Amino acid sequence: MSRKIWAALAVAALCGGIASAQDAKSVLQSATRTMGDVNSIQFSGTGHLSQLGQAFAPGTAWPETNLTSYSKTIDYTSKSAKEELTRVEPNPPVKGGGRPFGGEDRQVNLVSGAYAWDQPGSNPVPQVAAADERQLQIWLTPHGFLKAAEENNASATKGPGGITVSFTAGKFKVNGTIDAQNMVAKTTTWLPNPVLGDMLVETTYSSYEDYNGVKFPTTIVQKQGGFATFDLKVTAVKANTGLNLLVPDAVKTATMPQVKVVSEKIADGTWFIAGGSHNSVLVEYPAYLVMIEAPLSEARSLAVIAEAKKLVPKKPIKYLINTHNHFDHAGGVRTYVAEGATVITNEMNIPFYEKAWSASRTLAPDMLAKDPKKPEFVPVKEKYVLNDGGRSLEIYHVDGDTHNVGILMVYLPKEKILVEADDFTPDAPGVPAPSGARPHIFITNLYKDIQKLKLEPTTVAPLHGVVVPFAEVKKEAGVA
Ligand SMILES: [Zn+2]
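We now turn to the structure provided with this report.

For the zinc ion, every protein donor is listed as His324 (NE2), His326 (ND1), His403 (NE2) and Asp422 (OD), and the spread of their distances is 2.1 to 2.2 Å. Classification of the site at the zinc ion as irregular follows from its 4 donor atoms and the range of 82 to 174° in their angles at the metal. Each donor residue of the zinc ion lies on one chain, and together they are spaced H-x1-H-x76-H-x18-D. Pair noted here: His324 is in the loop between β19 (317-321) and α7 (327-330) and Asp422 is in the loop between β25 (417-420) and α11 (440-452), with a separation of 98 residues, a long-range link. For Asp422, a relative accessible area of 10% puts it in the buried group.

Pairing in this open sheet of 7 strands is mixed, and the strands run β15-β16-β17-β18-β19-β20-β21 from one edge to the other. Only two strands of the sheet have a single neighbouring strand rather than two, namely β15 (262-267) and β21 (377-380). Each adjacent strand pair in this sheet contributes to an overall mean axis angle of 20°, direction not counted. Across 4 bridges, strand β16 (residues 270-274) lies against strand β17 (residues 280-284) in antiparallel orientation. If you follow Phe272 over to β17, its bridge partner there is Val281. Contacting β15, β16, β17, β18 (289-292) and β19, helix α6 (residues 298-311) runs over the sheet at an angle of about 150° to β16.

Turning our attention to the pattern of salt bridges. Evaluated as defined, the whole model comprises 19 salt bridges. A salt bridge links Glu202 to Lys186; its shortest N-O distance comes to 3.4 Å. Within this pair, whereas Glu202 is found in strand β12 (residues 197-211), its partner Lys186 is found in strand β11 (residues 184-193), the two being separated by 16 residues in sequence. Between Lys309 and Glu339 there is a salt bridge, with the nearest N and O atoms lying 3.1 Å from each other. Here the residue Lys309 occupies a position in helix α6, and Glu339 occupies one in the loop between α8 (333-338) and β20 (342-346), the gap between them amounting to 30 residues. A relative accessible area of 43% means that Lys309 is categorised as partly exposed.

Ordered in space as β22-β23-β24-β25-β26-β27, the 6 strands form an open sheet in which the pairing is mixed. Each having just a single partner strand, β22 (383-388) and β27 (468-469) make up the two edges of the open sheet. Sheet analysis places strand β26 (residues 459-462) next to β27, joined by 2 bridges and oriented antiparallel. The partner of Val460 across the bridge, within β27, is Val468. On the sheet, α11 packs against β23 (391-397), β24 (408-412) and β25 and is oriented at approximately 50° with respect to β24.

At a closest axis distance of 5 Å, the pairing of helix α3 (residues 131-140) and helix α4 (residues 142-151) adopts a crossing angle of 95°. Between α3 and α4, the angle is such that the two are roughly perpendicular. Counted together, Ile138, Trp139 and Leu140 of α3 and Pro142, Gly144, Phe145, Lys147 and Ala148 of α4 form the full contact between these two elements. Its residues assigned to classes, the contact of α3 with α4 comprises 6 nonpolar, 1 polar and 1 charged.

So, about the environment of Lys186. Among the residues examined, Lys186 registers a relative accessible area of 29% and is labelled partly exposed. Along the backbone, Lys186 and Thr203 are 17 residues apart, and their C-alpha atoms lie at a distance of 5.5 Å. Contacts of Lys186, omitting those with residues within four sequence positions, involve Asn175, Gly176, Thr177, Glu202, Thr203, Thr204 and Tyr205. A distance of 3.4 Å separates the side chain of Lys186 from the side chain of Glu202, its partner in a polar contact.

Along the polypeptide, Gly47 turns up in strand β2 (residues 40-50). Assessed through its relative accessible area of 11%, Gly47 is described here as buried. The residues touching Gly47, leaving out its near neighbours within four places in the chain, are Thr65, Asn66, Leu67, Asp231 and Leu232.

What follows is about the environment of Tyr211. Of note, Tyr211 is situated in strand β12. C-alpha separation for the pair Tyr211 and Pro286, spaced 75 residues apart in sequence, amounts to 71 Å. Not counting chain neighbours up to four residues away, the residues in contact with Tyr211 comprise Phe216, Thr218, Val234 and Val237.

Note on strand geometry: in a regular strand, side chains alternate between the two faces of the sheet. Of the two faces of β25, the one carrying Ile417 and Val419 and the one carrying Leu418 and Glu420 are both buried. Relative to β25, β24 runs antiparallel, the two sharing 3 bridges. Across the sheet, Tyr411 pairs through a bridge with Leu418, a residue of β25. Between β24 and the antiparallel strand that follows it, β25, lie 4 residues; Lys416 among them carries a positive phi value of about 55°. Strand direction decides the pairing type here: β25 and β26, joined by 4 bridges, are parallel. Looking at β26, one finds that Glu420 is bridged to Pro462.

Now for the packing of aromatic side chains. To describe a pair of aromatic rings, you give the distance between the ring centres and the angle between the ring planes. Tallying each qualifying case throughout the model produces 15 aromatic pairs. Consider the rings of Tyr76 and Trp139, whose centres lie 6.2 Å apart with planes at 40°: the pair is tilted. With Tyr76 in the loop between β3 (64-75) and β4 (80-88) and Trp139 in helix α3, this residue pair connects regions lying 63 residues apart in the sequence. Within the aromatic cluster, the residues linked to one another by ring pairs are Trp62, Phe227, Phe327, Phe352, Tyr353, Trp357 and Phe377.

Right, let's get into α11. Think of an α-helix as 3.6 residues a turn; residues three or four steps apart then line up on the same face. Across its 13 residues, α11 extends 18 Å between first and last C-alpha, which sits within 8% of the 18 Å expected from 1.5 Å per residue. Within the span of α11, buried status applies to Phe442, Ile443, Asn445, Leu446, Tyr447, Asp449 and Ile450. Residues of α11 that are buried in the fold lie against β23, β24, β25 and α12 (471-477). Positive backbone phi, at 60°, marks Lys454, one or two positions downstream of α11.

Turning our eyes to something else, we now look at the side chain of Asp366. Residue position: Asp366 is located in the loop between α9 (350-356) and α10 (367-370). A distance of 2.6 Å separates a polar atom in the side chain of Asp366 from a polar atom in the side chain of Arg334. Excluding residues that lie within four positions of it along the chain, Asp366 makes contacts with Glu298, Arg334 and Arg361.

So, how was this worked out
- Residues numbered from 1 in each chain as written.
- Predicted model: local features only at pLDDT ≥ 70, side-chain atom pairs only at ≥ 80, totals over all residues.
- Heavy atoms only, no water.
- Donors = N, O, S within 2.8 Å, 3.2 Å for Na, K, Ca; no water.
- Tetrahedral: all angles 85-135°; square planar, octahedral: opposite > 155°, others 65-115°.
- Helix = DSSP H or I, 4+ residues; strand = E, 2+ residues; numbered from the N terminus.
- Buried < 20%, exposed > 50% of the residue type's maximum accessible area, 1.4 Å probe, protein only.
- Pairing = 2+ DSSP bridges.
- Axes fitted to C-alpha atoms, helices over the stretch in contact; angles between N-to-C directions.
- Contact = heavy atoms within 4.5 Å.
- Salt bridge = Lys/Arg side-chain N within 4 Å of Asp/Glu carboxyl O.
- Parallel < 35°, antiparallel > 145°, perpendicular 65-115°, else oblique.
- Nonpolar A, V, L, I, M, F, W, Y, C, P; charged D, E, K, R; others polar.
- Polar contact = N/O pair within 3.5 Å; in protein donor to acceptor, adjacent residues only side chain to side chain.
- Phe/Tyr/Trp six-rings, centres within 6.5 Å; stacked < 30°, edge-to-face > 60°.
- Expected span 1.5 Å × (residues − 1).

Without other data, these values stay purely geometric and don't point to any function.
Right under this line is the structure:
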């Protein structure tokens with residue numbers, strides 16, 4: 001067969017699968033007729049909330065907490081939503097990050113148009129960075145999807161499990177499946193993530209029930225980055241309850257928090273770089289620099305790198321040491337790769353990063369996406385020593401850690417400084433300790449490992465919190 005005929009057949013096959021825009025309209029209309037048209041909806045139940053990016057081992061499920069109560073009210077007309085939830089840790093607790101928090105964690109999360117905030121107590125806490133996602137979540141719900149598809153000139157194609165209806169809202173592309181019963185069975189979209197790039201967000205809706213003429217799923221499961229972040233067994237649904245949210249003034253005037261960097265020399269050629277929720281430690285070698293930890297995001301990395309260049313001009317950052325693969329500790333690593341640094345990390349993280357970093361990054365392209373280069377890694381198993389020009393730094397795997405299976409700590413033997421992440425977080429003087437249980441299990445294990453390895457730190461430079469004498473670790477571990 002000639003190439004021309006093949007091409008004609010391919011075009012015909014393609015056209016056969018694509019329903020017209022007119023079809024999308026009729027698909028949406030009949031789905032709305034079946035599911036019931038609502039201006040607002042409230043659904044509640046129990047289920048699970050899991051912590052994205054806090055897996056115990058790279059490439060495994062996000063650690064789960066139990067939702068003992070959950071209720072969400074959405075007003076589609078005013079584009080606002082209120083989510084109220086209470087979660088507790090399962091017993092026995094699962095391994096991984098974001099825990100332990102002890103007792104009940106009660107949250108009230110709100111969005112109204114472009115404004116997002118939390119209001120667990122009487123004072124609103126602006127959440128500028130969360131607004132996009134909270135708004136998008138409204139349009140991922142079954143009725144929200146139909147409304148957004150109608151508003152955004154959706155197209156329709158025959159897809160697996162029914163008709164796939166697609167539209168673009170702002171920078172987000174959203175697909176939804178309308179099944180043979182005219183119900184929204186699934187929605188998919190992508191959110192920008194510093195580790196995973198364009199991260200797949202899939203929500204499935206099943207076991208629909210009739211609530212006074214409005215159909216709503218009794219099972220909702222959302223997966224982000226391949227694993228469940230949320231699941232709900234719906235026990236009650238009320239339509240057209242309305243939602244009257246007044247955006248507090250403090251939320252209206254809030255802006256994205258500035259990246260703040262404050263550095264402190266803690267030994268010769270050693271700086272503690274703080275100023276935000278996560279720290280880094282800069283170590284100077286004769287010919288280059290080594291940075292310990294690239295937390296959060298490219299914005300944080302750029303500010304920390306700028307500080308390093310100010311502290312030690314003209315030396316390149318040759319190595320970036322990454323303690324573990326939790327997203328809040330790994331979100332800025334790619335920026336160092338773009339800067340030409342080699343990443344030192346646990347060998348088990350390398351295939352995970354290689355896969356995650358090869359994903360497309362159209363929603364929030366970073367430096368490495370704009371100017372790609374192959375990341376270079378130094379794998380660590382149990383111990384790695386970076387000895388060069390009379391300077392030494394030792395990297396150890398923290399054995400038996402239940403926060404992250406591959407977590408590494410760094411020890412500067414001459415300076416007797418220990419750098420660790422998440423196992424011990426000392427608060428600044430005068431700052432009240434967070435309510436709930438402190439992670440004593442992590443500290444006890446960390447201390448045991450330090451003893452076993454015969455390390456003799458006198459100072460801890462933690463990757464959260466402030467620099468303190470090692471005696472504080474002993475105190476928290478209950479041995480002093
Ligand atoms: Zn962690």
